[in-house]
Amino acid sequence: MTTQTKLSFDVLKIDAEQVVTEIAAAIRELVLHKFRKKGVVLGLSGGIDSSVTAALCARALGKERVLGLLMPEADSEEDTVKLSYLAADKLGIKTVLEDITPLLDAAGCYRRRDEAMRSVVPEYGPGWKAKIVLPSLVASDSYRIFSVVAQSPSGEQVSARLTPSAYLQVVAATSFKQRSRKMMEYYHADRLNYAVAGTPNRLEYDQGFFVKNGDGAADIKPIAHLYKTQVYQLAEFLELPEEIRNRPPTTDTYSLPQSQEEFYFSLPYNKMDLCLYARNQDIPAADISVALGLSEAQVERVLHDIDSKRKATRYLHLPPQLVAEVTEIQSY
Amino acid sequence: MTEMQREIRQFIADNFIFDQDLQALSGSESLTQTGVIDSMGVLELIMFLEETYSIKIPDEETLPENLDTIDNIVRYLQGKLPLVEESHDNSDQVVI
């Protein structure tokens, strides 16, 4: 007779102290010995992932070997810079503020994005704000097709489905932001002989929630194996400021506030974590539905979406593909 | 094969199949489950159908039962269009 344990959020509990010790040791080994670099540069956003990553790097290497970059732009939320400094001050790490708005402007980021928005919302213009959103996966079986939600200067909102070309152009244009930030990170890393730390958590990494050669690029990704729920546990153990620990996850990419659920994920992060964990452990949808208070059909949709995203974003993870192997460099 | 099926198959071949065998794709096979189209492809398919057949596909009708197989698409279009001439082939029926 087998005894089945009910699935619960407890499966994601970790020994925070042990995990911190393990990650710090890995950072030291990778940065100092494998890469032979003197420290780490990372982008700070005032969010939980970059703050925990910075804390882990500081614990691993010493605070004097960690540089935090604050890289706001025109659409950044008001408290992004404030919370980034809050994290940096707590950790005692050095920071550099690089406002990337002029860089994005010169590259045509905002112009190209607005042009795409205007193709589906003709009245979109100066003073307007917008975001792109997906319909709820759990509410219906319909395909997840992006719409733009645009808000006029007087506060009226309009919504329109994005055409394929408009969607691709909006995403391509906004991806300038992540790629510009990564360019800045590698500038500072190169001048200091440091490595670059990426800050994705497991949900983001697994589900391809990053920009190729943008925030997807890095030398190390210290928390990519941790469920976001577990990142929060580390944040508490590392005594990061409450304001950062309580900040709702956001994309901080569009001019209208946009949650990660509206843009990408099907559920709040804690429920997504449990679904992802269950998917990885082949736990049946029936058990997941009891744990989450969703119907089995809803859970099946989420699990299907997890697999779909893995397939669709495989390309983002791939390094450059060679036509023929160059074996001589592999042993160095 | 009806004209509508031919048009839809040709669109899929031109945009998603590339050098794979279109003939191997049956009318009842899931386009998404078989990896023929992804979420971006669904958007392109919707736009093609709206433009080609002068219809509007509202968000609540963007369902797998309407769009996930060639047979489903044809059935969905027949329900949307007031008059459908299925085929120019001698062997096929004209549905009104």
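Note: the structure precedes this text.
Cut-offs applied
Residues numbered from 1 in each chain as written. Chains lettered and ligands numbered in written order. Predicted model: local features only at pLDDT ≥ 70, side-chain atom pairs only at ≥ 80, totals over all residues. Heavy atoms only, no water. Helix = DSSP H or I, 4+ residues; strand = E, 2+ residues; numbered from the N terminus. Rg over C-alpha atoms; globule rule 2.2 N^0.38 Å. Buried < 20%, exposed > 50% of the residue type's maximum accessible area, 1.4 Å probe, protein only. Contact = heavy atoms within 4.5 Å. Areas by Shrake-Rupley, 256 points an atom, 1.4 Å probe, with all protein chains shown as cover. Lys, Arg positive; Asp, Glu negative; His and termini not counted. Charge placed at Lys NZ, Arg CZ, Asp CG, Glu CD. Phe/Tyr/Trp six-rings, centres within 6.5 Å; stacked < 30°, edge-to-face > 60°. Lys NZ or Arg CZ within 6 Å of the ring centre and 35° of its normal. Pairing = 2+ DSSP bridges. Axes fitted to C-alpha atoms, helices over the stretch in contact; angles between N-to-C directions. Salt bridge = Lys/Arg side-chain N within 4 Å of Asp/Glu carboxyl O. Right-handed = clockwise from strand over helix to strand, strands pointing away. Buried area = accessible area lost by both parts, 1.4 Å probe. Polar contact = N/O pair within 3.5 Å; in protein donor to acceptor, adjacent residues only side chain to side chain. Nonpolar A, V, L, I, M, F, W, Y, C, P; charged D, E, K, R; others polar.

Remarks on the overall build of chain A
And step 1. Along its length, chain A carries 14 helices and seven strands.
And step 2. For 332 residues, the compact-globule estimate of 2.2 N^0.38 gives 20 Å, and the C-alpha radius of gyration of chain A, at 21 Å, lies within 12% of that figure.
And step 3. Dimensions of chain A along its principal axes, counting C-alpha atoms only, are 65 × 55 × 50 Å.
And step 4. For chain A, the residues scored as buried account for 51% of the 332 residues in total.
And step 5. Partitioning the contacts of chain A with sequence separation of at least 6, the portion at a separation of at least 24 is 75%.
And step 6. Surface accessibility of chain A: about 16,300 Å² in total, with carbon and sulfur atoms responsible for 52%.
And step 7. With 39 positive and 43 negative side-chain charges, chain A shows a spacing of 3 Å between the two charge centroids.

Things to note about the packing of aromatic side chains
All names here are of chain A.
And step 1. All told, the structure shown has nine aromatic pairs over all chains when counted by the stated rule.
And step 2. Here Y124 and W128 contribute two aromatic rings whose centre-to-centre distance is 6.1 Å and whose plane-to-plane angle is 55°, an arrangement assigned as tilted.
And step 3. For W128, a relative accessible area of 17% translates into the label buried.
And step 4. The ring centre of Y315 lies 4.5 Å from the NZ or CZ of K212, which sits over that ring.
And step 5. Taking the ring centre of F210 as reference, the NZ or CZ of K221 above it sits at 5.3 Å.

Observations regarding the sheet that holds strand β6 (residues 157-161) of chain A
Residue and element names in this part refer to chain A.
And step 1. Strand order across the open sheet formed by three strands is β4-β5-β6, with antiparallel pairing between neighbours. A strand with exactly one partner marks an edge of an open sheet, and here the two such strands are β4 (129-133) and β6. The mean angle between the axes of side-by-side strands here comes to 20°, regardless of whether they run parallel or antiparallel.
And step 2. Here strand β5 (residues 147-151) pairs with β6 via five bridges, running antiparallel. In the strand pairing of β6, A150 is matched with V158.

A look at the pattern of salt bridges
All names here are of chain A.
And step 1. Counted according to the given criterion, the structure contains 20 salt bridges over all chains.
And step 2. A salt bridge links E77 to R247; the nearest nitrogen and oxygen atoms lie 3.4 Å apart. One end of the pair, E77, is in the loop between β2 (66-70) and α3 (80-91); the other, R247, is in the loop between α9 (242-245) and α10 (260-263), with 170 residues separating them in the sequence.
And step 3. Overall, the relative accessible area of 26% leaves E77 in the partly exposed class.

Considering the pairing of strand β3 (residues 94-97) of chain A
All names here are of chain A.
And step 1. Sheet analysis places β2 next to β3, joined by four bridges and oriented parallel. Residue pairing across strands places G68 opposite T95, the latter belonging to β3.
And step 2. Crossover handedness for the path β2 to α3 to β3: right-handed.

Observations regarding the interface of chain A and chain B
And step 1. Contacts between chain A and chain B engage twelve residues on the former and 17 residues on the latter.
And step 2. Three residues, Y143, R161 and P164 of chain A, lead the burial of chain A against chain B; their summed loss comes to 52% of the area buried on that side.
And step 3. A salt bridge links D59 of chain B to R161 of chain A, with the shortest nitrogen-to-oxygen separation between them at 2.9 Å.
And step 4. Counting across the chain A and chain B interface gives five residue pairs in polar contact (both at pLDDT 80 or more).
And step 5. Among the residues making up the side of chain A that touches chain B, the classes are represented as six nonpolar, four polar and two charged.

A look at the side chain of S289 of chain A
All names here are of chain A.
And step 1. Position of S289 among the secondary structure elements: in helix α12 (residues 285-292).
And step 2. Given a relative accessible area of 11%, S289 falls into the buried group.
And step 3. Discounting residues that sit within four places of it in the chain, S289 has contacts with L294, S295, E296 and V299.

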